[in-house]
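Survey of secondary and tertiary structure
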Amino acid sequence: MAALDWIIAGIYFVGTLAFGIFLNKKTSTSDEYFSGGKEFAWWAIAGSVIATQVSAVTFIGAPGWAYTAGLAPIVLTLNIPIVMWFIGGTLVPFFYNSGVVSIYEYVEGRFGTLSRTLLAATFLFKLLTIMGVVILAPSIVLSHITGLDITITILIMTFAIFVTTLGGLTAVIWIDVLQIVILWVGIITSFYIAITKLPVSLPVAYDIVQKAGKLKAIDFTMDFTTPNTLWAGIIGGLILHISYFGGNQAQVQRMLAAKSMRNLKLSLFSTGFVIVAQMLLFLALGLLLYVFYNGKQFDKPNDVYVTFLDNVPSGFLGLIVAAIFAAGIGSMVASLNSMATVYVKDIYEKAINKSASEETKMRVAKISTFVFGGILALVAILMSQNNNLSLLEAISKYGSYTVGSTISVFILGIFTQRANEKGVNIGLVLGIIVVLLIATFTDIFWMWYSLFGFIVTTSVGYAASLVVGEKPVGIEKFTIKGQKQYFIDNKLSETEEGYYVIPGKFENKSYLLIAYFLVVCGFLYYIGK
């Protein structure tokens, strides 16, 4: 990089660290560290969720994925408007009314301590397994540009993430808001450079990718082994993202920091609109690069965008590097904070030190953040030796092994009154085992994994509850039916500021998300004909 690029990237890097240190000094209680004091407006939460969704994995992996598969990978994201509509009327307001900090607190109340421990451990294991990819992505860019060894750049990224995480959830959200601005500057800059560097005009470029079949995003094939079909995205991807946004501590924790139900739901609705458009932009960038390189073959999909950076002029390169770092830090600070929250609330306070003071909990939270960060850095170093998949595809694939089964536990708990702890634990373990067997011994496309996990855990979990254990008693408040009855018995208003506070009801305006989904599907079908 030229001196100007180093200055731009350096200003961002140092500024982010300083901001994290400043917020660390202002965070004095565990409530502030884990929930941010529930003081955030909808736009801040939406920006945080969107920034996490656009990690450095997306920045590098999505263009590379589109380079080889065209617009077809959009089916993974296409379901998100429906997901936001569903969880906005059910899961998230239910958790918000429950007043929990960790969603696994709810699991203990509804089922028991063992279920809470199983889900918390599954969550931590999943993040420790896949989030190393998020550190790896910006580290690849830094290594490529500077010539530093990939191990050194991973350690640099990890250090930056450590410092920015120490301010707790408040730091996570405000840093994410800052990062989303930088991210969009990076996206726009990348598009501008790619367009100006094209060897042909945009209409000719459009014809090239259309003739190459890159614009076909809607594939109606009903075959479990065919990649990126519409049904895989809508059905399998739907379960995956309901779990990701509605049953994932890293995401729900930020949504629960909203200062009102209105702000909570507006954050969900706006996220549903933005994420699909954002993903389309990254995939479109990959199509531009396909024309730019004239369809040249790359050894690894992730090399497509990284190699493109060699063609970016001085000054612009610094902006893009800053954006990629922003994406990496934005995703990781949220994950580390949620991992620390789960460890302290669901393991340390429950099994190690039940009478821990505020000072002790804060100290343990920060120590656990460092420990988890160190493990993730090690995972990233190991992954750097073998990254033949698109980074975005890799993190989505491996993350899908457990999500179907874990969201099933919440669905059984919230929507049924018969499911008990023994039954759901049997279903959870069996569901994960079945998915691992499917992934190992069949050619079924990975977007379907979450559906199979959900079906097995839900059916076995409910059936087993009828056979083993007793019918749960005193769990009415842990179900949607019971929460509705509470509103009726206490004559509470169902709405607040024009939005339903009670779960199980949907605002008329929320159906715009369904309409948006249909419009995008129609548009993709039209351009892919």
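Now for a description of the structure that goes with this document. As the structure is a computational prediction, the values presented were derived from the model and not from experiment.

**Some points on the overall build of the protein chain**
- Across its full length, the protein chain holds 24 helices and 2 strands.
- At 23 Å, the protein chain has a C-alpha radius of gyration in line with the 24 Å of a compact globule built from 529 residues.
- Across its three principal directions, the C-alpha atoms of the protein chain cover 70 × 55 × 50 Å.
- Of all intrachain contacts in the protein chain linking residues separated by at least 6 positions in sequence, the fraction that spans at least 24 positions is 86%.
- In the protein chain, which carries 33 positive and 28 negative side-chain charges, the distance between the mean positions of the two groups comes to 4 Å.

**Side note on the packing of aromatic side chains**
- According to the stated counting rule, one finds 29 aromatic pairs in the structure shown.
- A ring pair is formed by Tyr-192 and Phe-316, whose centres lie 5.9 Å apart and whose planes are at 35°; its orientation type is tilted. Taken together, the residues Tyr-192 in helix α12 (residues 168-197) and Phe-316 in helix α18 (residues 316-352) connect sequence positions 124 residues apart.
- Pairing Phe-224 with Trp-448 gives two aromatic rings, centres 4.6 Å apart and planes at 80°, and the pair type is edge-to-face. Of this pair, Phe-224 sits in the loop between α13 (202-211) and α14 (230-246) while Trp-448 sits in the loop between α21 (421-441) and α22 (449-467), and the two are 224 residues apart along the sequence.
- We classify Trp-448 as buried; its relative accessible area is 1%.
- An aromatic cluster of at least three residues, connected via ring pairs, comprises Tyr-67, Tyr-290, Phe-292, Tyr-293, Phe-298, Tyr-305 and Phe-308.

**A word on helix α9 (residues 113-130)**
- Relative to the 26 Å expected for 18 residues at 1.5 Å per residue, α9 spans 26 Å between its end C-alpha atoms, a close match to the ideal helical length.
- Residues of α9 that are buried: Ser-115, Arg-116, Leu-119, Ala-120, Thr-122, Phe-123, Leu-124, Lys-126, Leu-127, Leu-128 and Ile-130.

**A few points about the nonpolar core**
- Counting residues in hydrophobic clusters, the biggest one holds 167 residues, and the most contacted among them are Phe-95, Tyr-305 and Leu-524.
- Broken down by element, this core gets its largest block of residues, 18 residues, from helix α16 (residues 261-292).
- Setting aside chain neighbours within four positions, we find Leu-524 in contact with Leu-71, Ile-74, Leu-78, Leu-215, Ala-217, Ile-218 and Leu-280.
- Counting residues in each nonpolar core, the second largest holds 5 residues, with Val-344, Tyr-348, Ala-356 and Ala-365 among its members.

**Regarding the pattern of salt bridges**
- Across all of its chains, the model carries 7 salt bridges by this definition.
- One salt bridge in this structure joins Asp-346 and Arg-116, with 2.5 Å as the shortest N-O distance. Here the residue Asp-346 occupies a position in helix α18, and Arg-116 occupies one in helix α9, the gap between them amounting to 230 residues. As far as burial versus exposure is concerned, Asp-346 and Arg-116 are alike and both buried.
- Lys-505 is paired through a salt bridge with Glu-494; the nearest N and O atoms lie 2.8 Å apart. Residue Lys-505 is found in the loop between β2 (499-500) and α24 (512-527), and its partner Glu-494 is found in the loop between α23 (480-489) and β1 (495-496); the two are separated by 11 residues along the sequence.
- One salt-bridge network, held together by shared partners, links Glu-108, Arg-116, Asp-346 and Lys-350.

**Re the packing of helix α10 (residues 132-146) against helix α19 (residues 358-383)**
- α19 packs onto α10 with a crossing angle of 60° between their chain directions and a minimal axis gap of 8 Å. In this structure, the crossing between α10 and α19 has a hand that is right-handed. Judged by residue contacts, Gly-132, Val-133, Ile-135 and Leu-136 of α10 engage Leu-376, Ala-377, Val-379, Ala-380 and Met-383 from α19.
- When the residues that make up the contact of α10 with α19 are grouped by side-chain class, the tally is 8 nonpolar, 1 polar and no charged.

**Examining the side chain of Ser-139**
- Tracing the backbone shows Ser-139 in helix α10.
- Setting aside residues up to four positions removed in sequence, Ser-139 forms contacts with Ile-150, Thr-153, Ile-154 and Met-157.

**A look at the packing of α21 against α22**
- Contact pair α21 / α22: the axes reach a minimum separation of 7 Å and the direction vectors enclose 150°. Classified by the angle between their axes, α21 and α22 sit roughly antiparallel to one another. The handedness of the crossing between α21 and α22 comes out as right-handed. Touching Gly-423, Val-424, Ile-426, Gly-427, Leu-428, Leu-430, Gly-431, Val-434, Val-435, Ile-438 and Ala-439 of α21 are Tyr-449, Phe-452, Gly-453, Val-456, Thr-457, Val-460, Gly-461, Ala-464 and Ser-465, all from α22.
- Grouping the amino acids of the contact of α21 with α22 by side-chain chemistry returns 13 nonpolar, 7 polar and no charged.

**Thoughts on a nonpolar patch on the surface**
- Taken together, the side chains of Val-181, Val-185, Tyr-192, Phe-316 and Leu-319 make up a nonpolar region of the molecular surface, amounting to roughly 410 Å² of accessible area.
- Within the residue set of the nonpolar patch, elements represented by two or more residues are α12 and α18.
- Broken down by element, the nonpolar patch gets its largest block of residues, 3 residues, from α12.
- Of note, Leu-319 is situated in helix α18.

**A look at unusual backbone geometry**
- Backbone geometry places Asn-228, a non-glycine residue, at a positive phi of 55°.
- With respect to the helices and strands, Asn-228 occurs in the loop between α13 and α14.

What counts as what
Residues numbered from 1 in each chain as written. Predicted model: local features only at pLDDT ≥ 70, side-chain atom pairs only at ≥ 80, totals over all residues. Heavy atoms only, no water. Helix = DSSP H or I, 4+ residues; strand = E, 2+ residues; numbered from the N terminus. Rg over C-alpha atoms; globule rule 2.2 N^0.38 Å. Contact = heavy atoms within 4.5 Å. Lys, Arg positive; Asp, Glu negative; His and termini not counted. Charge placed at Lys NZ, Arg CZ, Asp CG, Glu CD. Phe/Tyr/Trp six-rings, centres within 6.5 Å; stacked < 30°, edge-to-face > 60°. Buried < 20%, exposed > 50% of the residue type's maximum accessible area, 1.4 Å probe, protein only. Expected span 1.5 Å × (residues − 1). Core = buried A, V, L, I, M, F, W, Y, C linked by side-chain atoms within 4.5 Å. Salt bridge = Lys/Arg side-chain N within 4 Å of Asp/Glu carboxyl O. Axes fitted to C-alpha atoms, helices over the stretch in contact; angles between N-to-C directions. Left-handed = near helix turned anticlockwise from the far one by under 90°. Nonpolar A, V, L, I, M, F, W, Y, C, P; charged D, E, K, R; others polar. Parallel < 35°, antiparallel > 145°, perpendicular 65-115°, else oblique. Patch = residues over 30% accessible without salt bridge, like charges linked within 9 Å, V, L, I, M, F, W, Y side chains within 5 Å. Areas by Shrake-Rupley, 256 points an atom, 1.4 Å probe, with all protein chains shown as cover.

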